[in-house]
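# Structure at a glance
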Amino acid sequence: MRKDPSESSDDGAAQQGASPGYGGVSSPYDLPTERFPSATPTSGSAGQGLPHTDDELDYGDARGAGLPTEQIPAYRQSVSDGSDQPTQVIGATSGASLGATAGDSSTDRLGEGDVKIGRGTLDLGLLVLRLAVGGTALVHGLQKLTGMWNGPGLDGFEEVLVNSGFQQAKLLAILGAIGEVAGGALLILGLVTPLAAASVLAVMINAWAFRQIAEPGLEYFAPSGTEYETLLGVCAGVIILTGPGRISLDGRRGWATRPFIGSFAALILGVAAGVCIWIFLNGANPLI
């Protein structure tokens, strides 16, 4: 009986480790599962098995002495910064202490200029003061410059200066009228305020001296005294020292709310200009 060729090939493949029925092609699944060799304990841990639990892996134990386990050193802070102190529980009664602490820190920042301090109605008051002084100076300057509101005009103002003993009366009349008009308008706007107030102050110093020599002795109360000129001159000086405030065209400048050396220099300039004009262009003693 003739044997099927496939049967003979399957028998040969089985003898050679190949899978039957696949034409002599071998498969890794034909071999039995390989067993890994058991671990051999080291010489220092003879007779002991491998550790299987965390307790058996304890550092320093004899069973784990031969294992390559590395101990990580614990961190020790050299200088104590208070972080190891127990956490303090803040209760309802600690609100006052928190407020005091916040107040102290705010006080410290105030000294450094880091905290903005509210100005209240200060800027509004400075606005009213500027409007009053600047408006008064403006209308009086327009009377002298253009003759509005029954004013003397430039010719009448020049005549008054001549009769008062001023030299260069024509030039002085023009400069005085323009100084009052420009200074008053700039005070109302709050623009270049220190110089505008210095201009008004110089004019008021001469007006005070002119009024003073018109009557013998020191006269203060109106209508013959220097009450009006004194009040306007002092207010102009105050505006120089305080600044125009935030409600002005100069409001964004630092000296508008915190004037210092520059404003003091403008005050000295206004006083010096008024005194020098009187001394060099008139020369009379107003205190007699």
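Residues numbered from 1 in each chain as written. Predicted model: local features only at pLDDT ≥ 70, side-chain atom pairs only at ≥ 80, totals over all residues. Heavy atoms only, no water.

## With respect to the overall build of the protein
Tallying secondary structure elements over the protein gives 8 helices and 0 strands in all. Helices and strands in the protein line up, N terminus first, as α-α-α-α-α-α-α-α. Across the 288 residues of the protein, 25% fall into the buried class. Residue pairs in contact within the protein that sit at least 24 positions apart in sequence constitute 55% of those at least 6 positions apart. Accessible surface for the protein amounts to roughly 19900 Å². Of this, 61% is attributable to carbon and sulfur atoms. (Helix = DSSP H or I, 4+ residues; strand = E, 2+ residues; numbered from the N terminus. Buried < 20%, exposed > 50% of the residue type's maximum accessible area, 1.4 Å probe, protein only. Contact = heavy atoms within 4.5 Å. Areas by Shrake-Rupley, 256 points an atom, 1.4 Å probe, with all protein chains shown as cover.)

## Topic: the pattern of salt bridges
Per the counting criterion, the structure on display carries 4 salt bridges. Here Arg119 and Asp123 are joined by a salt bridge, their closest N and O atoms 2.8 Å apart. Note on Asp123: relative accessible area 9%, which makes it buried. In this structure, the salt-bridge partner of Arg211 is Glu229, at a minimum N-O distance of 3.6 Å. (Salt bridge = Lys/Arg side-chain N within 4 Å of Asp/Glu carboxyl O.)

## A closer look at unusual backbone geometry
In this structure, Pro223 follows Ala222 across a cis peptide bond, with omega equal to 10°. In this structure, Trp149 is a non-glycine residue whose phi angle is positive, near 55°. If you trace the backbone, Trp149 turns up in the loop between helix H3 (122–146) and helix H4 (153–163). In the Ramachandran plot, Asn150 falls in the positive-phi region, its phi being about 60° despite a non-glycine side chain. Along the chain, the position of Asn150 falls in the loop between H3 and H4.

## Quick look at the confidence of the model for the protein
Averaged over the protein, the pLDDT score is 76; the fraction of residues at 70 or greater is 60%. Every residue in residues 92–110 is under pLDDT 50, and counting partners more than four places away or in other chains gives 6 contacts. (pLDDT = per-residue confidence, 0-100.)

## Remarks on the packing of aromatic side chains
According to the stated counting rule, one finds 2 aromatic pairs in the structure shown. An angle of 80° between the planes, with centres 5.2 Å apart, marks the rings of Phe166 and Trp278 as edge-to-face. Here Phe166 is found in the loop between H4 and helix H5 (169–189), whereas its partner Trp278 is found in helix H8 (residues 261–281), with 112 residues between them in sequence. Trp278 carries the same exposure label as Phe166, and that label is buried. Ring centres of Tyr220 and Phe221 lie 5.3 Å apart, and the angle between their planes is 80°; this geometry places the pair in the edge-to-face category. Under the relative-accessibility criterion, Tyr220 is labelled partly exposed at 38%. On the basis of relative accessibility, which here comes to 61%, the residue Phe221 falls in the exposed class. (Phe/Tyr/Trp six-rings, centres within 6.5 Å; stacked < 30°, edge-to-face > 60°.)

## A short note on the environment of Leu161
Among the structural elements, Leu161 can be located in helix H4. Residue class for Leu161 comes out buried when judged on its relative accessible area of 8%. Taking the C-alpha atoms as reference points, Leu161 and Phe210, separated by 49 residues in sequence, lie 9.0 Å from one another. In this structure Leu161 touches Phe166, Ala169, Leu172 and Ala173, once residues within four positions along its chain are discounted.

## Quick notes on the packing of H3 against helix H7 (residues 227–242)
Relative to each other, H3 and H7 sit at 130°, their axes nearing to 10 Å. When the interaxial angle is binned, H3 and H7 end up oblique. The two elements H3 and H7 meet at a crossing, and its hand is left-handed. For the pair formed by H3 and H7, the contact residues are Leu126, Leu129, Arg130, Val133, Thr136 and His140 on the first element and Tyr228, Leu232, Cys235, Val238, Ile239 and Thr242 on the second. For the contact of H3 with H7, the per-class residue count stands at 8 nonpolar, 3 polar and 1 charged. (Axes fitted to C-alpha atoms, helices over the stretch in contact; angles between N-to-C directions. Parallel < 35°, antiparallel > 145°, perpendicular 65-115°, else oblique. Left-handed = near helix turned anticlockwise from the far one by under 90°. Nonpolar A, V, L, I, M, F, W, Y, C, P; charged D, E, K, R; others polar.)

## A closer look at a nonpolar patch on the surface
Together, Leu189, Leu191, Val192, Leu195, Leu249 and Leu269 line one region of the surface with nonpolar side chains, adding up to about 540 Å² of accessible area. With respect to the element layout, Leu189 can be found in helix H5. For Leu189, a relative accessible area of 45% gives the class partly exposed. (Patch = residues over 30% accessible without salt bridge, like charges linked within 9 Å, V, L, I, M, F, W, Y side chains within 5 Å.)

## Some words on H5
Taking 1.5 Å of rise per residue, the 21 residues of H5 would be expected to cover 30 Å, and the 30 Å separating its terminal C-alpha atoms lies within 8% of that figure. Those residues of H5 lying buried are Ala169, Leu172, Ala173, Gly176, Ala177, Gly179, Glu180, Val181, Gly183, Gly184 and Leu187. Residues of H5 that are buried sit in contact with H3, H4, helix H6 (193–214), H7 and H8. Of the residues flanking the end of H5, it is Gly190, one or two places downstream, whose phi is positive at about 75°. (Expected span 1.5 Å × (residues − 1).)

## Some details on the side chain of Glu229
With respect to the secondary-structure elements, Glu229 resides in helix H7. When residues no more than four places from it in sequence are discounted, the contact partners of Glu229 are Met204, Ala207, Trp208 and Arg211.

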